[in-house]
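Structural characterization, general
Next come the chains, spelled out residue by residue.
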Amino acid sequence: MASLTLFSDKDRSLRRRHPWVFSGAIAREPPGLSSGQTVDVRDADGGFLARAAYSPSSQIRARVWTFDEREAVDESFFVSRIESALEARRVLVPAGQTNACRLVNAESDGLPGLVVDRYGDVVVCQFLAAGPERWRDAIVAALWRTAGATSIYERSDVEVRLKEGLISRTGLLAGAEPPQLVDIVEHGLRLAVDVRAGHKTGFYLDQRANRRAAARYAEGREVLNAFSYTGAFAVAALAAGAAKVTNVDTSSSALELGDHNIALNGLPADRVENIEADVFALLRRFRDSRRSFDMIVLDPPKFAGSRLQMDKAARGYKDINLLAFKLLRPGGVLLTFSCSGLMTPELFQKIIADAALDAGREAQIVERLGQPADHPTALAFPEGTYLKGLVCRVG
Ligand code: SAH
């Protein structure tokens, strides 16, 4: 087995079972290693630290498959890792009310660079790093054996692949072509997912529990659902008795699918308003025209992809949250989210506090929201936590 040897002071994070080896930690590596090749990672004295997948073009030069020297990385390795991830979901996301969830959450499920989502009988994969790319056939075979899917589809059309020297790929991996829209059930509500062209693998599964939280505040309320995508928060709110929901998104196709989702659940279309607009601009227009709401959901896309973007991201969060606070009627609630992993919960809370202050509103945090159980964070991999939310009630 080829080995990477680390500098003597660069083995601490691996000893704490963090699964990444950065290029700067490597003192020696043999020539000619190929993309995704399995290598052993050794300390300066030659002691075994981990077995990992080599990524020649990424700063994260290797991602750990196992810390156990006796564990081989072969077809059966992927069967056993995938089986244990699936087994965990059977308990964490009980079938019946919900048939869509994340089956494999990459590093946090011991499979760095591999994301697998279930939408009913359709399973969608993302191979985000050289390791899973190298083992794609074994991974697809293991999923086919264990996941009970009729289709396995690939959505590896993501930018991070470029850092790995991999090109974008999408298409059928196994089974039948999935339908144009895959119907899923989330907490008993029906939603249509476009696995070919939708965002990520088609849908924001990570907000499932938070949509349920939103439902608890929605009865009788006029709701602004900003960054609505396909209206999953709108469906949850209306099903819970919201008086009206206004969806806002820049994507007209997402808004159209939102209408379809309202109809799928037999919910009243006349209680839904769709506005194709930039949220930043629209909130200003609403402020100027003194429009108000009882409840506002702010679920923006990731504003900070790197540390360099953090200041700009912080200003973006401050801006939309300040405007949202201004639009809320007394007693109203704001459900505000950030999916930027670099934004800590502490900093996010501070930004929201500043926004309320500058809006001249007194507000309390009444609930803290995060990722659902099918998006776990391995304790050794804190980077796995990215989604945070606050429910704030204004006075
Ligand atoms: N709340 C959604 C997920 C939102 S994802 C759900 O539960 O499924 C973020 C959405 O914001 C995307 O649909 C994207 O099209 C939209 N978006 C991004 N920038 C925007 C902007 N400036 N104004 C309005 N919508 C925007």
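Residues numbered from 1 in each chain as written. Predicted model: local features only at pLDDT ≥ 70, side-chain atom pairs only at ≥ 80, totals over all residues. Heavy atoms only, no water.

**Some details on the sheet that holds strand E9 (residues 122–127)**
A sheet is described by the order of its strands in space; here five strands give the open sequence E7-E8-E9-E10-E11, paired in mixed fashion. Of all strands in the sheet, those bounded by a partner on one side alone are strand E7 (100–105) and strand E11 (169–175). Geometrically, the sheet is characterised by an average inter-axis angle of 20 degrees between neighbouring strands, direction not taken into account. Bridging between strand E10 (residues 151–156) and E11 involves six bridges; their strand directions are antiparallel. Of the residues in E11, the one forming a bridge with Glu154 is Gly171. Contacting strand E8 (114–119), E9, E10 and E11, helix H4 (residues 136–146) runs over the sheet at an angle of about 45 degrees to E11. (Pairing = 2+ DSSP bridges. Helix = DSSP H or I, 4+ residues; strand = E, 2+ residues; numbered from the N terminus. Axes fitted to C-alpha atoms, helices over the stretch in contact; angles between N-to-C directions. Contact = heavy atoms within 4.5 Å.)

**Comments concerning the site of the ligand**
Near the ligand lie 15 residues; those nearest to it are Arg211, Asp249, Asp278, Val279 and Asp299. At 2.6 Å, a side-chain N or O of Asp249 approaches an oxygen atom of the ligand. Here a nitrogen atom of the ligand sits 2.9 Å away from a polar atom, N or O, in the main chain of Val279. Expressed as a share of its isolated accessible area of 580 Å², the protein-covered part of the ligand is 90%. Partitioning the shell around the ligand into residue classes produces seven nonpolar, four polar and four charged. (Near = heavy atom within 4 Å. Polar contact = N/O pair within 3.5 Å; in protein donor to acceptor, adjacent residues only side chain to side chain. Areas by Shrake-Rupley, 256 points an atom, 1.4 Å probe, with all protein chains shown as cover. Nonpolar A, V, L, I, M, F, W, Y, C, P; charged D, E, K, R; others polar.)

**Observations regarding the packing of helix H9 (residues 279–288) against helix H10 (residues 310–327)**
Where H9 meets H10, the axes come as close as 10 Å, and the angle between the chain directions of the two elements is 30 degrees. On the basis of their axis angle, the class for H9 and H10 is roughly parallel. Crossing of H9 over H10 shows left-handed handedness. Of the residues in H10, those in contact with Val279, Phe280, Leu283, Arg284, Phe286 and Arg287 of H9 are Gly316, Asp319, Ile320, Leu323, Lys326 and Leu327. When the residues that make up the contact of H9 with H10 are grouped by side-chain class, the tally is seven nonpolar, one polar and four charged. (Parallel < 35°, antiparallel > 145°, perpendicular 65-115°, else oblique. Left-handed = near helix turned anticlockwise from the far one by under 90°.)

**Some thoughts on the pattern of salt bridges**
Counted under the stated rule, the structure contains 31 salt bridges. When the shortest N-O distance is used, the salt bridge between Arg15 and Asp11 registers 3.1 Å. Looking at Asp11, the relative accessible area reads 10%, which means it is buried. One network of salt bridges, with partners in common, ties together Glu133, Arg136, Glu154, Arg161 and Arg169. (Salt bridge = Lys/Arg side-chain N within 4 Å of Asp/Glu carboxyl O. Buried < 20%, exposed > 50% of the residue type's maximum accessible area, 1.4 Å probe, protein only.)

**A few points about helix H11 (residues 345–359)**
Compared with an ideal rise of 1.5 Å per residue, which puts 15 residues at 21 Å, H11 spans 21 Å between its outermost C-alpha atoms and is within 8% of the ideal. Within the span of H11, buried status applies to Phe348, Ile351, Ile352, Ala355, Ala356 and Ala359. Relative to the axis of H11, the buried residues are bounded by an arc of 135 degrees and lie together on one face. For H11, the exposed residues set more than 90 degrees away from the buried face come down to Glu346 and Leu357. In this structure, the buried residues of H11 make contact with H10, strand E18 (328–338) and strand E20 (388–394). Directly beyond the C-terminal end of H11, a positive phi value near 75 degrees is found at Gly360. (Expected span 1.5 Å × (residues − 1). Arc of directions from axis to C-beta.)

**Thoughts on the domain arrangement of the chain**
Its domain assignment divides the chain into domain 1 (3–66), domain 2 (75–182) and domain 3 (204–394). Its C-alpha centre places domain 1 at a distance of 25 Å from the equivalent point of domain 2. Contacts between the two partners involve 16 residues from domain 1, matched on the other side by 16 residues from domain 2. Taken together, the connections running from domain 1 to domain 2 amount to two salt bridges. Among the ionic pairs, Glu107 bridges to Arg63, the shortest N-O distance being 3.4 Å. Inspection of the domain 1/domain 2 interface yields twelve residue pairs in polar contact (both at pLDDT 80 or more). Where the side of domain 1 that touches domain 2 is concerned, the elements lending two or more residues are strand E5 (48–54) and strand E6 (60–66). (Domains from an automatic or database assignment.)

**Describing the nonpolar core**
One finds Tyr119, Ile184, Phe203, Met295 and Leu335 to be the most contacted residues of the largest nonpolar core, which totals 40 residues. When residues of this core are traced back to their parent elements, those giving at least two are E9, strand E12 (182–186), strand E13 (189–193), helix H6 (208–218), helix H7 (232–239), strand E17 (293–298) and E18. Of the residues forming this core, the biggest block, seven residues, is contributed by H7. Each of domain 2 (75–182) and domain 3 (204–394) contributes no fewer than three residues to this core. Ignoring anything within four residues of it in the chain, the contact list for Leu335 reads Asn210, Ala214, Met295, Ile296, Val297, Leu298, Leu369, Leu390 and Val391. Among the nonpolar cores identified, the runner-up in size contains 36 residues, and Phe227, Met310, Phe325 and Met343 belong to it. (Core = buried A, V, L, I, M, F, W, Y, C linked by side-chain atoms within 4.5 Å.)

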